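# Summary of structural features
Listed below are the residues making up each chain.
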Number of protein chains: 2
Amino acid sequence: MANVILIRFLFIYIYQNKLIMNKTILLGHGSGGLMTSDLIRDNFVKHFNNPLLNVLTDSAVTQIGETTVAFTTDSFVVDPVFFPGGDIGKLAVCGTVNDLSVSGAKPLFLSAGFILEEGFPLDDLERIVHSMGQEALKAGVQIITGDTKVVKKGQCDKIFINTAGIGLIEKRYASISRGKLIRPGDKIIVNGYLGDHEIAILSARENLMFEEPVISDVTSLNGLISSLLETGLEIRFMRDITRGGLATILAEVASSLKHGVLIDEQLIPVREQVNGLCEIYGFNPLYLANEGKVLMIVAPESAELAIKMMQRYDTGKEARMIGTITSDNPGKVLMKSVIGGTRIIDRLAGEQLPRIC
Amino acid sequence: MANVILIRFLFIYIYQNKLIMNKTILLGHGSGGLMTSDLIRDNFVKHFNNPLLNVLTDSAVTQIGETTVAFTTDSFVVDPVFFPGGDIGKLAVCGTVNDLSVSGAKPLFLSAGFILEEGFPLDDLERIVHSMGQEALKAGVQIITGDTKVVKKGQCDKIFINTAGIGLIEKRYASISRGKLIRPGDKIIVNGYLGDHEIAILSARENLMFEEPVISDVTSLNGLISSLLETGLEIRFMRDITRGGLATILAEVASSLKHGVLIDEQLIPVREQVNGLCEIYGFNPLYLANEGKVLMIVAPESAELAIKMMQRYDTGKEARMIGTITSDNPGKVLMKSVIGGTRIIDRLAGEQLPRIC
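This structure is a prediction, so every number in the text was calculated from the model and none was measured.

## Side note on the packing of helix 4 (residues 88-101) of chain B against helix 5 (residues 122-139) of chain B
All names here are of chain B. Two numbers describe how helix 4 lies on helix 5: the axes approach to 7 Å, and their chain directions differ by 30°. In terms of orientation, helix 4 lies roughly parallel with respect to helix 5. The hand of the helix 4/helix 5 crossing is right-handed. Along the contact surface, helix 4 presents Ile 88, Gly 89, Lys 90, Ala 92, Val 93, Cys 94 and Val 97, while helix 5 presents Ile 128, Ser 131, Met 132, Glu 135, Ala 136 and Ala 139. The residue makeup of the contact of helix 4 with helix 5, split by class, is nine nonpolar, two polar and two charged.

Set out below in structure tokens:
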């Protein structure tokens, strides 16, 4: 008996040390959730240590000479490269345009870095680059610098694109993405159905067929956002709802506040097909990625007008209020569920689906 | 006989059509040579069409508000990730710092986008990120925004890093990387031995052993370059000598000029071990990549002082003049060879070694 216990302890000891010795990157490190935050804190922030990075918003806001700019970057590895509603190129432009826009910046210039797999069809590349050009034109940004690397067949999966972006920011918006302006009573607004992008990717990857297929919502939001900013609405926070979904952003916001967040499940716009697939795959729509959705927290007196203004845009037709900032439950996100009762919403540790953007 | 000819023509017809139908990305498209230029012209410039990109210098130079900035991007896919003299992280910082510096800009801010393969050791990641932090500190730049994506095992090779960078540029230097200031009689200077980086990568990849190993020259050149600019030397052109090597840059410069370029093989600094390996592998040292070398074209009266000033820096100890801009042979690069005679130097179509940066 003593031997059995000894062997068991020995086994646990070796196993744990093996885990400690061989810590490696897991898919969850790229989820945008808790594991990503841990990696950023323990690694990037530690070694790149500077006050601008440490804020960990979508874009860094900084001074260059007399000018205040926002600067951001994103790599795109979406699989498949072409999906209903878009492709990796459109995604790469929209993603960076939106990161700048939610920082209160006017997106101006993008860079584009391509990593290509040997054997990738030139026609597909041209289709992607054309799509980037079209989306840049639509969003009013210029792609002014780029880079191309090619790796041998099997050393990357088809095509990866990085875009970095620079936007011009008015001083009064410089802290809009930091959440410091949020007050109890503020209203939480989204500009439409959640989860379409991730479900479109899932459907394309798994060759799922629907009567009404789910189309990615990938789009540039700078038009919608700047029109709301310009009317002088009291917008106290913005963030685009990408990897990690609504729940992750709200959990991040709450954890940095002395207030709480209360959302109402019944008010959260999710398409029937999206909800259906979530049930089949065991996903939670609150964690689904979007590529054309913004979460805004606005002063109560600005909420109604903000929603009306959003609804004038194709990208905001289904805009609605989904919750409120509360003085109760500081640091927590609570959701009033459809069946009654309230539950705590937390960040996911890992991720539901890899390579969605 | 007629049949044989017919079959032969048929074969050629099918082969050519297959080539036309299945045009794909080849390793040479990432070489920095002729195939890269063709890809950029026929694809990126065509669809991203804007005057800033169309200049095709290392950095785009543009106005943001009242401020003139340089903006650049590079993806790094070097294999192996750790090599004599550096690693992919140091390379990613130096590469972008140098691209900004040769545009006459003071590098200020970098972004860092990571694409990680599932299973990549966290310790290795930390070593790389630490190295980026150290090099950023040394170069006086801040890494202020980042992104992390993870792909499944086998979908990328270990780690790819993209860095984009912003630098502040004084108006008087805004066109220094465009070559419009170059005049016949100007002197061509390099700051040291050529080819060390590519040979260090080759040695690491092939496990070659030397008595005196070749160490990559990867380093940030912003200190050396800004000190030369600040003394008011007449610097008429700068470019960092990376993929494609000295020959590719000179061929690009010549092709945009109404003048010619004459270099002297005997004056070009190449280490003995580098020359030796080039002979064994059939490489030409003129096309080898560097990661800490700058080519400057300066007014004749500034040449001597420029070399002296470079030599004060560790990164410029072996600086020397290697050639002259001529009014003869417009658009061509000629090299006076060691054995006498003169030959034309052209761009490589493909590349000597993939994934060197």
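There's plenty left to go through after this.
## Quick word on the interface of chain A and chain B
Each partner contributes residues to the interface: chain A has 79 residues there, and chain B has 80 residues. Scanning the region where chain A abuts chain B turns up six salt bridges. Notably, a salt bridge pairs Lys46(A) with Glu126(B), separated by 2.6 Å at the nearest N-O pair. Inspection of the chain A/chain B interface yields 31 residue pairs in polar contact (both at pLDDT 80 or more). Contributing elements (two or more residues each) for the side of chain A that touches chain B: helix 2 (34-47), helix 3 (51-54), strand 1 (60-64), strand 2 (67-76), strand 5 (105-117), helix 5 (122-139), strand 6 (142-151) and strand 7 (159-169) of chain A.

## Description of the relation of the copies chain A and chain B
Once chain A has been moved 0.0 Å along the axis and rotated by 180°, it coincides with chain B to within an RMSD of 0.0 Å. With respect to symmetry, the two chain copies, as superposed, fit the operation of a two-fold axis. Ranked by how close their C-alpha atoms come to the rotation axis, the residues of chain A are headed by Cys156(A), at 2.0 Å. When the interface residues of chain A are mapped onto chain B, 100% of them are again interface residues, pointing to one common binding face.

## Regarding the packing of aromatic side chains
Tallied over the full model, the rule gives eight aromatic pairs over all chains. A network of ring pairs unites the aromatic residues Phe44(A), Phe48(A) and Phe114(B) as a single cluster.

## Concerning unusual backbone geometry
Residues and elements named next belong to chain A. With an omega of 5°, the peptide bond running from Asp 79 to Pro 80 counts as cis. One non-glycine residue with positive phi stands out, namely Asn 329, at about 50°. Checked against the element boundaries, Asn 329 lands in the loop between strand 12 (320-326) and strand 13 (333-336). You can call Asn 329 partly exposed: its relative accessible area is 35%.

## Quick word on the confidence of the model for chain A
The predicted coordinates ought not to be read in detail in places where the model reports low pLDDT. Mean pLDDT for chain A: 91, with 93% of residues reaching 70 or above. Reported for the predicted complex are a pTM of 0.92 and an ipTM of 0.92.

## What about helix 8 (residues 245-255) of chain B?
When you tally the buried positions in helix 8 of chain B, you get nine out of eleven residues, the bulk of the element. Taken residue by residue, helix 8 of chain B has Gly245(B), Leu246(B), Ala247(B), Thr248(B), Ile249(B), Leu250(B), Ala251(B), Val253(B) and Ala254(B) as its buried positions.

## Topic: the sheet that holds strand 8 (residues 187-190) of chain A
Residues and elements named next belong to chain A. Judged by pairing direction, the sheet is mixed, and its seven strands sit side by side in the order 9-11-8-12-10-13-14 without closing on themselves. With partners counted over all chains shown, the strands left at the sheet margins are strand 9 (235-240) and strand 14 (342-344), one partner each. Direction aside, the axes of adjacent strands within the sheet are offset by 25° on average. For strand 8 and strand 12, the ladder comprises four bridges, and the chain directions are antiparallel. Of the residues in strand 12, the one forming a bridge with Lys 187 is Thr 324. Against the sheet, helix 10 (residues 303-311) engages strand 8, strand 11 (294-298) and strand 12, with an angle of about 5° to strand 8.

Rules of the game
Residues numbered from 1 in each chain as written. Chains lettered and ligands numbered in written order. Predicted model: local features only at pLDDT ≥ 70, side-chain atom pairs only at ≥ 80, totals over all residues. Heavy atoms only, no water. Axes fitted to C-alpha atoms, helices over the stretch in contact; angles between N-to-C directions. Helix = DSSP H or I, 4+ residues; strand = E, 2+ residues; numbered from the N terminus. Parallel < 35°, antiparallel > 145°, perpendicular 65-115°, else oblique. Left-handed = near helix turned anticlockwise from the far one by under 90°. Contact = heavy atoms within 4.5 Å. Nonpolar A, V, L, I, M, F, W, Y, C, P; charged D, E, K, R; others polar. Salt bridge = Lys/Arg side-chain N within 4 Å of Asp/Glu carboxyl O. Polar contact = N/O pair within 3.5 Å; in protein donor to acceptor, adjacent residues only side chain to side chain. Least-squares fit on C-alpha atoms with pLDDT ≥ 70 in both. Phe/Tyr/Trp six-rings, centres within 6.5 Å; stacked < 30°, edge-to-face > 60°. Buried < 20%, exposed > 50% of the residue type's maximum accessible area, 1.4 Å probe, protein only. pLDDT = per-residue confidence, 0-100. Pairing = 2+ DSSP bridges.

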